[in-house]
Amino acid sequence: MLMLRDFSPQSTVMGLLAAFVGFASSFAVVIHGLVGAGASEAQAASGLAALSISMGLCAIVLSLWRRMPISIAWSTPGAALLAATGAIQGGFPAAVGGFLLSALLLIAAGLFKPFGRLVAAIPPVLASAMLAGVLLGLCLAPVKAVAFDPRLGLPIVLAWAIAGRIHRLAAVPAGLLAFGVVVALGVDIPADAGARLAASLGPRFEWVTPVFSLGALVTVALPLFVVTMASQNIPGIAVLNVNGYQPAPGGLFAATGLFSLFSAPFGGHAVNLAAITAAMCAGEDAHADRSRRYWSAIVAGVAYVVFGLLAPTITALVALAPPILIQAVAGLALIGAFAGAAGAAFRDVATREAAAVTFLVTASGVSFAGVSGTFWGLAAGGAVLAIAHIGKKRG
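Conventions used here
- Residues numbered from 1 in each chain as written.
- Predicted model: local features only at pLDDT ≥ 70, side-chain atom pairs only at ≥ 80, totals over all residues.
- Heavy atoms only, no water.
- Helix = DSSP H or I, 4+ residues; strand = E, 2+ residues; numbered from the N terminus.
- Buried < 20%, exposed > 50% of the residue type's maximum accessible area, 1.4 Å probe, protein only.
- Contact = heavy atoms within 4.5 Å.
- Patch = residues over 30% accessible without salt bridge, like charges linked within 9 Å, V, L, I, M, F, W, Y side chains within 5 Å.
- Areas by Shrake-Rupley, 256 points an atom, 1.4 Å probe, with all protein chains shown as cover.
- Salt bridge = Lys/Arg side-chain N within 4 Å of Asp/Glu carboxyl O.
- Expected span 1.5 Å × (residues − 1).
- Arc of directions from axis to C-beta.
- Polar contact = N/O pair within 3.5 Å; in protein donor to acceptor, adjacent residues only side chain to side chain.
- Bend = angle between axes of the 7 residues up to and from the residue.
- Phe/Tyr/Trp six-rings, centres within 6.5 Å; stacked < 30°, edge-to-face > 60°.
- Lys NZ or Arg CZ within 6 Å of the ring centre and 35° of its normal.
- Axes fitted to C-alpha atoms, helices over the stretch in contact; angles between N-to-C directions.
- Parallel < 35°, antiparallel > 145°, perpendicular 65-115°, else oblique.
- Left-handed = near helix turned anticlockwise from the far one by under 90°.
- Nonpolar A, V, L, I, M, F, W, Y, C, P; charged D, E, K, R; others polar.

*Asks:* Would you mind going over the side chain of Ser128 with me for this structure?
*Replies:* Mapped onto the fold, Ser128 is located in helix 8 (residues 124-139). Taking relative accessible area as the criterion, Ser128 reaches 16% and is therefore assigned buried. Look past the residues within four positions of Ser128 in its chain and what remains in contact with it is Ala341, Ala344 and Ala345.

*Asks:* What exactly am I supposed to notice about a nonpolar patch on the surface here?
*Replies:* On the surface, Leu154, Leu158, Ile162 and Ile166 cluster together into a nonpolar patch covering about 410 Å² of accessible area. Its location among the elements puts Ile162 in helix 10 (residues 150-166).

*Asks:* How should I be thinking about the pattern of salt bridges in this particular structure?
*Replies:* Here the idea is simple: oppositely charged side chains can pair when their charged atoms come close. Counted under the stated rule, the structure contains one salt bridge. Between Arg151 and Asp149 there is a salt bridge, with its nearest N and O atoms 3.1 Å apart. Residue class for Asp149 comes out buried when judged on its relative accessible area of 15%.

*Asks:* Would you mind showing me how to read helix 10 here?
*Replies:* Every α-helix winds through 3.6 residues per turn, so residues three or four apart in the chain are directed the same way. The first and last C-alpha atoms of helix 10 sit 24 Å apart over 17 residues, in line with the 24 Å expected at 1.5 Å per residue. Within helix 10, the full set of buried residues consists of Leu152, Gly153, Ile156 and Ala163. Down the axis of helix 10, the sector holding all buried residues measures 120 degrees, keeping them to one side. Residues of helix 10 that are exposed and point over 90 degrees away from its buried face: Arg151, Ile162, Arg165 and Ile166. Looking at the packing, one finds that the buried side of helix 10 touches helix 9 (141-148), helix 11 (171-186) and helix 18 (323-346). The N-terminus of helix 10 is capped by Asp149, whose side-chain oxygen sits 3.1 Å from the backbone nitrogen of Arg151.

*Asks:* Hey, could you run me through unusual backbone geometry in this one?
*Replies:* Trans is the common state for peptide bonds, and a negative phi is the common state for residues other than glycine. Of note, Arg67 is a non-glycine position whose phi angle comes to about 55 degrees, a positive value. Positionally, Arg67 belongs in the loop between helix 4 (41-66) and strand 1 (72-74).

*Asks:* I'm lost on helix 18 in this one. Help?
*Replies:* Helix length check: helix 18, at 24 residues, gives a terminal C-alpha distance of 32 Å against a target of 34 Å (1.5 Å per residue), a fit within 8%. A maximum bend of about 40 degrees is found in helix 18 at Leu334. Regarding helix 18, the residues found buried are Ile324, Leu325, Ile326, Ala328, Val329, Ala330, Gly331, Leu332, Leu334, Ala341, Ala342 and Ala345.

*Asks:* Which parts of the structure should I look at to understand the environment of Gly90?
*Replies:* Structurally, Gly90 is set in the loop between helix 5 (76-85) and helix 6 (91-111). For the pair Gly90 and Val211, spaced 121 residues apart in sequence, the C-alpha separation works out to 7.3 Å.

*Asks:* Explain the packing of aromatic side chains to me, please; I cannot follow it from the model alone.
*Replies:* We describe a pair of aromatic rings using the distance from one ring centre to the other and the angle between the two ring planes. Applying the stated rule across the entire model yields nine aromatic pairs. Seen from their ring centres, Phe23 and Phe27 are 5.4 Å apart, and the 20 degrees between their planes marks the pair as stacked. Judged by its relative accessible area of 5%, Phe23 falls in the buried class. A relative accessible area of 6% means that Phe27 is categorised as buried. Relative to Phe262, the ring of Phe259 lies with its centre 5.9 Å away and its plane at 80 degrees, an arrangement referred to as edge-to-face. Of the two residues, Phe259 and Phe262 both sit in helix 14 (residues 249-263), three residues apart, roughly one turn of that helix. With relative accessibility at 14%, the residue Phe259 sits in the buried group. Aromatic rings pair up to connect Phe23, Phe27, Trp74 and Phe307 into one cluster. For the cation-ring pair, Arg66 lies above Trp65, with the distance from its terminal atom to the ring centre recorded as 4.2 Å.

*Asks:* Where do I start with the packing of helix 10 against helix 11 in this structure?
*Replies:* Think of two packed helices as two axes; the pair is described by the angle between the axes and how far apart they sit. Where helix 10 contacts helix 11, the two axes come as close as 7 Å, and the packing angle between them is 155 degrees. What the angle tells us is that helix 10 and helix 11 run roughly antiparallel. Considering the relative orientation of helix 10 and helix 11, their crossing is right-handed. Between helix 10 and helix 11, the residues in contact are Leu152, Pro155, Ile156, Ala159, Trp160, Ala163 and Gly164 and Ala171, Val172, Ala174, Gly175, Ala178, Phe179, Val182 and Gly186, respectively. Taken together, the residues of the contact of helix 10 with helix 11 break down into twelve nonpolar, three polar and no charged.

Listed below in structure tokens is the structure:
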């Protein structure tokens, strides 16, 4: 009853807005990433549904538990990583094995302080450079979409650019709206589209039996874990701290790992603390009284569960368009993240060369010994940093 007294229309509106921004701005990235990892359309829809429901439930549980606006999101950089890595040996079941291993690493980082300190010891410039390398290919998709067909690609880019000048959070939803208009008016819709959409109504969950392998650990699990921690969980804690909340991070990290564990067998790659939507739910716009803002995250969680139930229909709609157009929407959604990661990677002159090596090896997309460039980029950058450190000591 005391919790119901904290409920307010202001928090409700902000929670609904946060959920819409969080889902609409990046679901295209998730679908593209899962398909890139080898998922079928049905498996991608299942993964999207599992992620949305898991992060909604996680937000509700944590916000009620801590009485804080704990916002949860899926790992957008992680989905971009999957798109850049592509299908691995063993197909999507092997990728799901990697998702499970990454979830276990998230739990371990939260529960075991020495392991968490080891993760924190990864140089931030290298993590940022790796993320920038992962995002580069997808951020080029809008340009490729315009080259593919200016009539289809250009309206999406223009809508994103114009709306972004009005309000930053409106940019991606405007691009998504333009995508819908372009598909409706400019794309030949298959004759059986109506039947396919009707068949997609209602939640569909596809169980994927995981396959565990060393390749999945090194190519999927470790890079997914690193980008999720560095670009989502740690900034999420920082946003809460800035707004006057001081939760113990270990329990939150472990909880996101646990909900990631639940969603993985159904195709979901990772859930984590949110950053952008966290700022919306934890800020003064959610409520003047800081102690009552947690309701905004709860409302957002309920909305995410509803979106998850609609995921098969959303995926079926997206599948009607040429793949390059949905990649363009995903790329536009990630330009801000790319700019932030690149800026952080190349800010310090002393570490710029190591960051450049990490970025270039990762962005190349080249695999060595069956291991993707994301891992080798981090390893190569680390080697350059170590050599520079040894050189300084001898000097």
